[in-house]
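# Notes for the structure review
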Amino acid sequence: MLYHVRMDVRLPAEMDPSSRADLIAREKAYSQRLQREGKWPHLWRIAGEYANFSVFDVADHDELHALLSGLPLFPYLALEVTPLATHPSKVVS
Ligand SMILES: O=C(O)C[C@H]1C=CC(=O)O1
């Protein structure tokens, strides 16, 4: 199943720089592992915002929830999840 996810990152301004850098490095490694596994096929920065649009390709809601809640940044993310269905006008090649 495909899911569109908007992630807005809300790191506290008072977070110390080394904790922030460590968190972001762990997030990058986690997201790149999921991208390589094919679970996170799209990751786009929303221009001008500390936010992204992502597409996840997972078995079901439970797997999506497990992956999202495992994000190192999860406590600092506002997430908006939209399940995607096949459009009836889509050209099938
Ligand atoms: O920067 C972000 O958009 C948040 C998050 C998503 C992937 C990643 O490496 O960081």
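Residues numbered from 1 in each chain as written. Predicted model: local features only at pLDDT ≥ 70, side-chain atom pairs only at ≥ 80, totals over all residues. Heavy atoms only, no water.

- The protein has the name Muconolactone Delta-isomerase in an unreviewed UniProt entry, where Amycolatopsis albispora is given as its organism.
- Recorded in UniProt under Subunit (unreviewed entry), the annotation for the protein is "Homodecamer."
- According to the UniProt record, the Pathway (unreviewed entry) comment for the protein is "Aromatic compound metabolism; beta-ketoadipate pathway; 5-oxo-4,5-dihydro-2-furylacetate from catechol: step 3/3." (UniProt positions renumbered as here; feature names shortened; annotations may be inferred.)

### Let's talk about the site of the ligand
- Around the ligand sit Val 9, Glu 27, Lys 28, Ser 31, Trp 40, Leu 43, Arg 45, Tyr 50, Asn 52 and Leu 73, and that is every residue in its neighbourhood.
- The side chain of Ser 31 places a nitrogen or oxygen atom 3.4 Å from an oxygen atom of the ligand.
- The separation between an oxygen atom of the ligand and a polar side-chain atom of Asn 52 is 2.8 Å.
- Taken together, the elements giving at least two residues each to the shell around the ligand come down to helix H1 (17-36) and strand S2 (42-45).
- Of the residues in the shell around the ligand, the class split is five nonpolar, two polar and three charged. (Near = heavy atom within 4 Å. Polar contact = N/O pair within 3.5 Å; in protein donor to acceptor, adjacent residues only side chain to side chain. Helix = DSSP H or I, 4+ residues; strand = E, 2+ residues; numbered from the N terminus. Nonpolar A, V, L, I, M, F, W, Y, C, P; charged D, E, K, R; others polar.)

### Topic: H1
- Helix length check: H1, at 20 residues, gives a terminal C-alpha distance of 28 Å against a target of 28 Å (1.5 Å per residue), a fit within 8%.
- Those residues of H1 that sit buried are Leu 23, Glu 27, Tyr 30, Ser 31 and Leu 34. Within H1, the buried residues cover an arc of 95° as seen down the axis, which keeps them to one side. Within H1, the exposed residues directed more than 90 degrees away from the buried face are Pro 17, Ser 18, Lys 28 and Arg 36.
- Tucked inside the fold, the buried residues of H1 contact S2 and helix H2 (61-69).
- Positive phi appears at Gly 38, one or two residues downstream of H1, with a value of about 85°. (Expected span 1.5 Å × (residues − 1). Buried < 20%, exposed > 50% of the residue type's maximum accessible area, 1.4 Å probe, protein only. Arc of directions from axis to C-beta. Contact = heavy atoms within 4.5 Å.)

### Regarding the environment of Trp 44
- Mapping Trp 44 onto the fold places it in strand S2.
- Take Trp 44: its relative accessible area is 57%, and that puts it in the exposed class.
- Considered as a pair, Trp 44 and Ser 54 are 10 residues apart in the sequence and their alpha carbons are 6.2 Å apart.
- Those residues in contact with Trp 44 that lie beyond four places of it in its chain are Ala 51, Asn 52 and Phe 53.
- A distance of 3.4 Å separates polar atoms of two side chains, one belonging to Trp 44 and the other to His 42.

### With respect to the pattern of salt bridges
- The full count for this structure, using the stated rule, is five salt bridges.
- The residue Arg 6 makes a salt bridge to Asp 8 at a minimum N-O spacing of 2.8 Å. Each member of the pair, Arg 6 as well as Asp 8, carries the same accessibility label: buried.
- Glu 49 is paired through a salt bridge with Arg 6; the nearest N and O atoms lie 2.5 Å apart. Of the two residues, Glu 49 is situated in the loop between S2 and strand S3 (51-57) and Arg 6 in strand S1 (residues 2-9); the sequence distance between them amounts to 43 residues.
- The exposure class of Glu 49 is partly exposed, given its relative accessible area of 35%.
- Linked by salt bridges that have partners in common, Arg 6, Asp 8 and Glu 49 make up one network. (Salt bridge = Lys/Arg side-chain N within 4 Å of Asp/Glu carboxyl O.)

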